[in-house]
Amino acid sequence: MPSPPPGLPRRRSPAAATAILPRLRAAAGPSSPRGLLLQSMALVLTSGLSSSHPALASRLLNSLLPHVPCHRFPALLRLLPRDHLTLLLLSSAKHHHRARTLPAAGALHALAVASGHLPSDLRLANSLLSLYLSLGSPAAARRLLADIPRPDTVTWNTLLRACLRMGLLPAARRLFDEMPERDLVSYNSMLAGYAAEGDMDGARELFDEMLERDVVTWNSMLAGYTRHGDMESAKKMFDVMPARDIVSWNSMLDGYAQAGDVKMARMVFDGMPRRSIVSWNVVLALYAKAKDWRECLRLFDAMMAVGENIPNEKTFVSVLTACSYLGDLERGKWVHGLVCERWERLVLDVLLLTALLTMYAKCGDMGVAKEIFDSMSERSVASWNSMIIGYGLQGHSDKALELFMEMERNGPQPNETTFICILSSCAHGGLVLEGWWCFDRMVRFYNIQPKDEHFGCMMDLLGRAGLLRDSEKLIKNLQAKVSPALWGALISASRTLDSYKLGEFVGNKLIEMKPTEFSSYVLLSNIYAAEGRWDDVEKVRKVMKEKVVEKDVGTSLVGSSDPHPVAKDGFSLQQNSVMLSMLSEMGARVKQPSEV
């Protein structure tokens, strides 16, 4: 049984308690609500009420205790009553942050022993046991456990949860098997441990053994299946649940969202009897991830119209991302206003601030974007990337380059997306030499292997500068399979420069790669037709027939809400515009970073 540590002061007299009153006032400030509470506590300590009416004094002090600053806890511990309720309050999970150090927990333990509450007070012993385990001190927990005369189920469950929290599943199972008595909490804890480790066979075996189950039991199984992507088993479990709560619905919603199944996630969302902010955040993030920006904003409008849930950081990140990609500055400003309204209640992390500055950068308001960027105490790589590409899109390639060099000096290490941003910015500004310097630095200094997007930016840069031969050499040096993004960059360059030679080169390359691809011949035919080279147009059609290239009869919905018939052979003007529109979109996409 531990004894009070040497030097632990005895309970103070009212005169001694008076000495702490100025320190309490200084800690809280003269006019704050917390200051009034602390002064009230000091008044109770100095009034003699603890001696004349100990029960009343204890209740008053315990009601004020949660408002005491943590750094004042050790000093107040010497002055507080040593009754059961005070000690239990200080050691409870709700107030673990007040005894957040091992010495403070030891002092509390010694005080409980000295006041005669331990080892007989099992509730207090269990609370202290949980405190020691939360502080990562199994040795102190073992010493306390040895002094408990008759551990109960709560004691065993506390140890079981501690093992599971540390990831010791086999040890937890041995402890579970040795427990003299198990309750529903024991089973649910063990079940959640299996699910967290991904051992759903072990979880299912234990689940089938259980004679009693509650909604927590079912939710643990459901969360285990959804977390590991087994939506078929999750759906079966969900369908047979005797009762469901909001956690059950959110587990299914999140599971489908993680799997990228928009249709099933939306079906679950629409069928929910009640939605929490978690529900809205999951579905908003899903539509943002699926790049369905308009549906993301439409759902946000619906959420605000219902008014049952208050948006938080995750909500705003998804909505601001949608505004960024749609270029909807007015909507973005409105969302920014909502962020400002909730400024004090939000966790203003780097993710939210980056989403905010990215919205302004992509919408062209670099002044506000720079203000947000400068105000950030912490900046991620994405924060720098957003500013770099923002300057590039606005034609301020020199500022983008300056920011990139500042990032190298004072910011985080650039990643492959950073170089997509800076190469794209150089392309927009026609900074050929600077672009080559960045490309060379990426490969030689940062050891980043160029990807299709990097080559695409370089070809766009060379194409805009009229350096067709260098673009061709760059393509021939590619070892990997050429992606549509690369051809999109060249198509964009050829349209910018009105260079049919570049387009002809691309068309021939596409036919060489995919000789039976319908769109390749359409592209080359359009290029020749634009130059009035009708003989070459006929040659392309002849080759098409020889290669037995066919386009299935179908309908096209591009550019209209009504279907338009598509001819089986020949090239209509509508087909040409559709194909060029698609190729133009490829060219535009490659100039944007894959992530910022």
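Going by the annotation in an unreviewed UniProt entry, the name recorded for the protein is Pentatricopeptide repeat-containing protein, with Urochloa decumbens given as the source organism.

> Explain the overall build of the protein here, please?
Assigned secondary structure in the protein consists of 35 helices and 2 strands. The buried share of the protein, reckoned over its 596 residues, is 47%. For the protein, long-range pairs separated by at least 24 residues make up 59% of all intrachain contacts whose partners lie at least 6 apart in sequence. Split by element, the accessible area of the protein, about 30,200 Å² in all, is 53% carbon and sulfur.

> Any chance you could explain the nonpolar core here in plain terms?
Met 190 and Ile 422 are the most contacted members of the largest nonpolar core, which has 125 residues in total. Setting aside residues up to four positions removed in sequence, Met 190 forms contacts with Leu 160, Leu 164, Leu 169, Ala 172, Arg 173, Phe 176 and Leu 206. Counting 8 residues, the second-largest nonpolar core is a separate cluster that includes Phe 518, Val 522, Leu 524 and Tyr 528.

> What am I meant to see in a negative patch on the surface here?
Together, Glu 197, Asp 199, Asp 201, Glu 205 and Glu 209 make up a region of like negative charge exposed at the surface. Looking at where Glu 197 falls in the secondary structure, it is placed in helix H13 (residues 184-197). Residue class for Glu 197 comes out partly exposed when judged on its relative accessible area of 48%.

> Explain helix H16 (residues 231-240) to me, please; I cannot follow it from the model alone.
Along an α-helix, residues three or four positions apart point the same way, because every turn accommodates 3.6 residues. Buried within H16 we find Met 231, Ala 234, Met 237 and Phe 238. When H16 is viewed along its axis, its buried side chains cluster within an angular range of 120° and face the same direction. Projecting away from the buried face of H16 at angles above 90 degrees are the exposed residues Glu 232, Lys 236 and Val 240. On its buried face, H16 sits against helix H14 (200-209), helix H15 (215-227) and helix H17 (246-258).

> How should I be thinking about the UniProt feature "repeat: PPR" (unreviewed entry) in the protein in this particular structure?
UniProt marks residues 152-182, 183-217, 245-279 and 380-414 with the feature "repeat: PPR" (unreviewed entry), using the numbering shown here. A helix fraction of 74% and a strand fraction of 0% characterise residues 245-279, whose end C-alpha atoms lie 12 Å from each other.

> Explain the packing of aromatic side chains here, please?
Note on aromatic pairs: each is described by the distance of the centres and the angle between the planes. Tallying each qualifying case throughout the model produces 12 aromatic pairs. Ring geometry for Trp 293 versus Tyr 325: centroids 4.5 Å apart, planes at 5°, classification stacked. In this pair, Trp 293 sits in helix H20 (residues 293-306) while Tyr 325 sits in helix H21 (residues 313-326), placing the two residues 32 residues apart along the sequence. Looking at Tyr 325, the relative accessible area reads 31%, which means it is partly exposed. Summarising the aromatic geometry, the rings of Trp 436 and Phe 439 are spaced 6.0 Å apart at their centres and angled 85° between planes, so their arrangement reads as edge-to-face. With Trp 436 and Phe 439 both in helix H28 (residues 432-444), this residue pair falls 3 residues apart, about one helical turn.

> I tried to follow the packing of helix H19 (residues 277-289) against H20 on my own but got confused; where do I start?
When two helices pack together, their arrangement is captured by the angle between the axes and the distance separating the axes. It is the contact of H19 with H20, at a shortest axis distance of 8 Å, that shows an interaxial angle of 160°. Our classification of the angle between H19 and H20 gives roughly antiparallel. In terms of crossing hand, the pair formed by H19 and H20 is left-handed. Residue-level contacts link Ile 277, Trp 280, Val 283, Leu 284, Tyr 287 and Ala 288 of H19 to Trp 293, Glu 295, Cys 296, Leu 299, Phe 300, Ala 302 and Met 303 of H20. Grouping the amino acids of the contact of H19 with H20 by side-chain chemistry returns 12 nonpolar, no polar and 1 charged.

> Explain the pattern of salt bridges here, please?
Charged atoms that come close allow side chains of opposite charge to pair. The tally for this structure, following the rule as stated, stands at 14 salt bridges. In this structure, the salt-bridge partner of Lys 235 is Asp 239, at a minimum N-O distance of 2.8 Å. With Lys 235 and Asp 239 both in helix H16, this residue pair falls 4 residues apart, about one helical turn. Here Lys 235 falls in the partly exposed class, since its relative accessible area comes to 31%. Because the salt bridges share partners, they merge into one network encompassing Arg 266, Asp 270, Glu 295 and Arg 298.

> So what exactly am I meant to see when it comes to H21 here?
Here H21 is 14 residues long and its end C-alpha atoms lie 20 Å apart, about the 20 Å a rise of 1.5 Å per residue gives. For H21, every residue scored as buried is listed here: Glu 313, Thr 315, Phe 316, Val 317, Ser 318, Val 319, Leu 320, Ala 322, Cys 323 and Ser 324. Close packing links the buried residues of H21 with H19, H20, helix H22 (329-341) and helix H23 (350-362). Looking at where H21 begins, the residue whose side-chain oxygen comes 3.2 Å from the main-chain nitrogen of Lys 314 is Asn 312. Remark: Gly 327 follows H21 within two positions and exhibits a positive phi of approximately 65°.

> Just checking my understanding: could you explain the environment of Ser 137 for this structure?
Along the chain, Ser 137 falls in the loop between helix H9 (122-134) and helix H10 (138-147). Through-space distance from the C-alpha of Ser 137 to that of Leu 102 is 7.9 Å; in sequence the pair is 35 residues apart. Setting aside residues up to four positions removed in sequence, Ser 137 forms contacts with Leu 102 and Tyr 132.

> Teacher, can you tell me more about the packing of helix H27 (residues 416-429) against H28 here?
The geometry of H27 relative to H28 is characterised by a closest axis approach of 9 Å and an angle of 165° between their N-to-C directions. The orientation of H27 relative to H28 falls into the category roughly antiparallel. Crossing angle aside, the handedness with which H27 passes H28 is left-handed. From H27, Phe 419, Ile 422, Leu 423 and Cys 426 reach across to H28, where they touch Glu 434, Gly 435, Cys 438, Phe 439 and Met 442. Among the residues making up the contact of H27 with H28, the classes are represented as 7 nonpolar, 1 polar and 1 charged.

> Explain the side chain of Thr 158 here, please?
By secondary structure assignment, the location of Thr 158 is in helix H11 (residues 153-165). There is a polar contact of 2.8 Å between the side chain of Thr 158 and the backbone oxygen of Val 154.

> What am I meant to see in the side chain of Asn 281 here?
Within the secondary structure layout, Asn 281 lies in helix H19. Relative accessible area serves as the criterion here: at 9%, Asn 281 is assigned to the buried category. The contact partners of Asn 281, leaving out residues within four places of it in the chain, are Asn 312, Lys 314 and Thr 315.

> Explanation requested: the confidence of the model for the protein in the structure shown.
Parts of the model with low pLDDT should not have their predicted coordinates read in detail. Taken residue by residue, the protein gives an average pLDDT of 76. The fraction at 70 or more is 66%. pLDDT under 50 marks residues 95-99. Its contacts with residues more than four places away, or in other chains, come to 21 contacts. When the criterion is pLDDT under 50, residues 552-596 qualifies, and its contacts beyond four places in sequence or with other chains add up to 72 contacts.

> What is the right way to look at the state of the cysteines in this model?
Under the criterion given, the structure shown has 0 disulfides. Here Cys 296 stays free of any disulfide, with the sulfur of Cys 323 as its closest cysteine sulfur at 8.2 Å. On the basis of relative accessibility, which here comes to 0%, the residue Cys 296 falls in the buried class. Cysteine Cys 421 remains unbridged, with the sulfur of Cys 457 as its closest cysteine sulfur at 8.6 Å.

Parameters at a glance
- Residues numbered from 1 in each chain as written.
- Predicted model: local features only at pLDDT ≥ 70, side-chain atom pairs only at ≥ 80, totals over all residues.
- Heavy atoms only, no water.
- Helix = DSSP H or I, 4+ residues; strand = E, 2+ residues; numbered from the N terminus.
- Buried < 20%, exposed > 50% of the residue type's maximum accessible area, 1.4 Å probe, protein only.
- Contact = heavy atoms within 4.5 Å.
- Areas by Shrake-Rupley, 256 points an atom, 1.4 Å probe, with all protein chains shown as cover.
- Core = buried A, V, L, I, M, F, W, Y, C linked by side-chain atoms within 4.5 Å.
- Patch = residues over 30% accessible without salt bridge, like charges linked within 9 Å, V, L, I, M, F, W, Y side chains within 5 Å.
- Salt bridge = Lys/Arg side-chain N within 4 Å of Asp/Glu carboxyl O.
- Lys, Arg positive; Asp, Glu negative; His and termini not counted.
- Charge placed at Lys NZ, Arg CZ, Asp CG, Glu CD.
- Arc of directions from axis to C-beta.
- UniProt positions renumbered as here; feature names shortened; annotations may be inferred.
- Phe/Tyr/Trp six-rings, centres within 6.5 Å; stacked < 30°, edge-to-face > 60°.
- Axes fitted to C-alpha atoms, helices over the stretch in contact; angles between N-to-C directions.
- Parallel < 35°, antiparallel > 145°, perpendicular 65-115°, else oblique.
- Left-handed = near helix turned anticlockwise from the far one by under 90°.
- Nonpolar A, V, L, I, M, F, W, Y, C, P; charged D, E, K, R; others polar.
- Expected span 1.5 Å × (residues − 1).
- Polar contact = N/O pair within 3.5 Å; in protein donor to acceptor, adjacent residues only side chain to side chain.
- pLDDT = per-residue confidence, 0-100.
- Disulfide = S-S within 2.5 Å.

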